[in-house]
Amino acid sequence: MAETHPGDGTSAARERLARAQTALLAALVADGPVPDGFDAERLAVQRRALIGKRADVVAKVAPELPEILGEKTFRTEFAAYARGRPMEGGYRRDALDFARRLTEEGRAVDRATRLKVRRWWLERSGATPPPEGRVRRALYRLRAARQAG
Amino acid sequence: MGATDIRATGTRAADTRVRLGTGIGWRPEIADGIEAQPGIDWVEVVAENVCPDHLPEPLLRLSERGTKIVPHGVSLGLGGADRPDPAKLAALAERAEALQAPLVTEHIAFVRAGGGTTGRPRMEAGHLLPVPRTRDALDVLCENVAAAQEALPVPLAVENIAALVNWPGEEMSEGRFLAELVERTGVQLLIDVANLHTNHVNRGEDPAVALGELPLDALAYVHVAGGFERDGVWHDSHGHPVPQPVLDVLAQLCARTAPPGVLLERDENFPPVAELAAELDGIRAVLAGGGAEAEARHG
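Residues numbered from 1 in each chain as written. Chains lettered and ligands numbered in written order. Predicted model: local features only at pLDDT ≥ 70, side-chain atom pairs only at ≥ 80, totals over all residues. Heavy atoms only, no water.

Chain B is annotated in an unreviewed UniProt entry as Endonuclease of Streptomyces daqingensis.

Chain A has the name SCO6045-like C-terminal domain-containing protein in an unreviewed UniProt entry, where Streptomyces daqingensis is given as its organism.

Undergrad: Now, about the overall build of chain B: what can you tell me, with residues and values included?
TA: From N to C terminus, chain B includes 10 helices and 12 strands. Here chain B holds 299 residues, and 57% of them are scored as buried. Considering only residue pairs separated by 6 or more positions, chain B has 77% of its internal contacts joining residues 24 or more positions apart. Accessible area of chain B: about 11800 Å², with a carbon and sulfur share of 52%. (Helix = DSSP H or I, 4+ residues; strand = E, 2+ residues; numbered from the N terminus. Buried < 20%, exposed > 50% of the residue type's maximum accessible area, 1.4 Å probe, protein only. Contact = heavy atoms within 4.5 Å. Areas by Shrake-Rupley, 256 points an atom, 1.4 Å probe, with all protein chains shown as cover.)

Undergrad: Go over the packing of helix α5 (residues 90–105) of chain A against helix α6 (residues 111–124) of chain A, please, and point to the residues and values.
TA: Residues and elements named next belong to chain A. Two numbers describe how α5 lies on α6: the axes approach to 9 Å, and their chain directions differ by 140 degrees. Judged on the interaxial angle alone, α6 and α5 are oblique. Here α5 runs over α6; the crossing is left-handed. Across the interface between the two elements, A95, L96, A99, R100, L102 and T103 of α5 pack against R114, V117, R118, W120, W121 and R124 of α6. Looking at side-chain class alone, the contact of α5 with α6 contains seven nonpolar, one polar and four charged residues. (Axes fitted to C-alpha atoms, helices over the stretch in contact; angles between N-to-C directions. Parallel < 35°, antiparallel > 145°, perpendicular 65-115°, else oblique. Left-handed = near helix turned anticlockwise from the far one by under 90°. Nonpolar A, V, L, I, M, F, W, Y, C, P; charged D, E, K, R; others polar.)

Undergrad: Could you give me a rundown of the confidence of the model for chain B, with the residues and numbers involved?
TA: Taken as a whole, chain B shows an average pLDDT of 91; of its residues, 92% reach a score of 70 or greater. The low-confidence segment residues 1–13 of chain B, where pLDDT is below 50, has 16 contacts with residues more than four positions distant or belonging to other chains. (pLDDT = per-residue confidence, 0-100.)

Undergrad: Quick rundown of the packing of aromatic side chains? Include the residues and the values.
TA: Applying the stated rule across the entire model yields eight aromatic pairs over all chains. By the ring-pair criterion, three or more aromatic residues cluster together here, those being F74(A), F78(A), Y81(A) and F98(A). (Phe/Tyr/Trp six-rings, centres within 6.5 Å; stacked < 30°, edge-to-face > 60°.)

Undergrad: Break down the interface of chain B and chain A for me, citing the residues and quoting the values.
TA: Opposite the 42 residues of chain B that make contact, chain A presents 39 residues. Buried area between chain B and chain A, both sides added, is near 3500 Å², and the carbon and sulfur share of it is 62%. Three residues stand out in chain B for area buried against chain A, namely E143(B), L164(B) and R184(B), and they jointly supply 16% of the buried area on that side. The interface formed by chain B and chain A includes three salt bridges. Residue R14(A) is joined to E143(B) by a salt bridge in which the shortest nitrogen-to-oxygen separation is 2.8 Å. The interface formed by chain B and chain A includes 13 residue pairs in polar contact (both at pLDDT 80 or more). Where the side of chain B that touches chain A is concerned, the elements lending two or more residues are β5 (110–113), β6 (123–129), α5 (135–151), α6 (174–185) and β11 (233–235) of chain B. Tallying contributions element by element places α5(B) first for the side of chain B that touches chain A, with seven residues. Per-class residue counts for the side of chain B that touches chain A are 15 nonpolar, 14 polar and 13 charged. (Buried area = accessible area lost by both parts, 1.4 Å probe. Salt bridge = Lys/Arg side-chain N within 4 Å of Asp/Glu carboxyl O. Polar contact = N/O pair within 3.5 Å; in protein donor to acceptor, adjacent residues only side chain to side chain.)

Undergrad: With reference to specific residues and values, describe the nonpolar core.
TA: All names here are of chain B. Formed by 73 residues in total, the largest nonpolar core has its most connected members in V43, L59, L156, L181, V224 and L250. Of the residues forming this core, the biggest block, seven residues, is contributed by α5. Other than its neighbours up to four places away in sequence, L59 contacts W26, V43, V45, V50, I69 and L99. (Core = buried A, V, L, I, M, F, W, Y, C linked by side-chain atoms within 4.5 Å.)

What follows is the structure in structure tokens.
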């Protein structure tokens, strides 16, 4: 094995690499500036590809969202949500954040759809689990509807 | 003496590579089809998608009937600036043992960055991003690979990825970069011929040049997958049939060496399993043809 010694030999290289990779990733997921020497168009293609992959996984962990929204609206709304917003805490969290955001500012979706998304979010966000019993659940949904309106 | 004979009689007595055969990426969506399909020698599972205590029943049944299973990690980020996370390495090791895997595989990529002294919060890419082919990146990668090898109970093979972006100021070709990585760490290679095709379209890198520089002695197995071209850019979607140019790169590889294993990857837009079986037949035909070509050349 060559001249690498765990712990010392690569620390300067690690710092340089960390700076370079951080600048690239920030440009791709956090609306950072295009780092020197990169092709801006290609970066845009990669940015969209990453959001597309992220949407694929979110659609797998939360298949109800593309069902409620329709595939096309799900994709466009998700892209609008994800642009410049790095993922925090995994894909389930991402699906919940996306749904919450959609109920707050999803302009391209009508009120009924937004209400469905809000219900979906309320039932999964853990803050207020849907209560037992039909009457209580109906009241809870009514309340959710008012909040979403 | 033919190329196959050289390999069999061994100028390389220490070749411990496992003969895998032809396989397919195991995904829950096609689990039933895979089980019903004869002639699938082995499968690969995405390591992060299985829990060692609750392995999916269809996967256990495959294992019981002797189908080899290889865990394929996507989250280590061996090409990243940080040392690999010991917890992630332990999780991968645990999966290798639970699946009685002959080897495990990961990618030459970075998947997260930020934090520490970078002045940015930590960010996850959510997918594989290319490592700059520089001395710095190679030194770091070698050390990370060595750390992973120490933590894993079985050999590690690492895969070349598909890139949409080019790093400025690269110092080495992909082939040279991989050759030095293998020389310094003894790691095995998982060569994705679809990714070589991707880098041909997107970065103008000729697969024949890459194949000529690669240390094919270290080849553990080959990935084959489909994608699509849009506006002059190849998207390695894993959601489309394997196109002819990718099979052509596989043929070029097979003309140089007999791969110990080949695996078809499909992650999206799953067709009936009969279509995947037909794709596997197409791959087998290339393998047979490649062997014959090599024989003709050397024999």
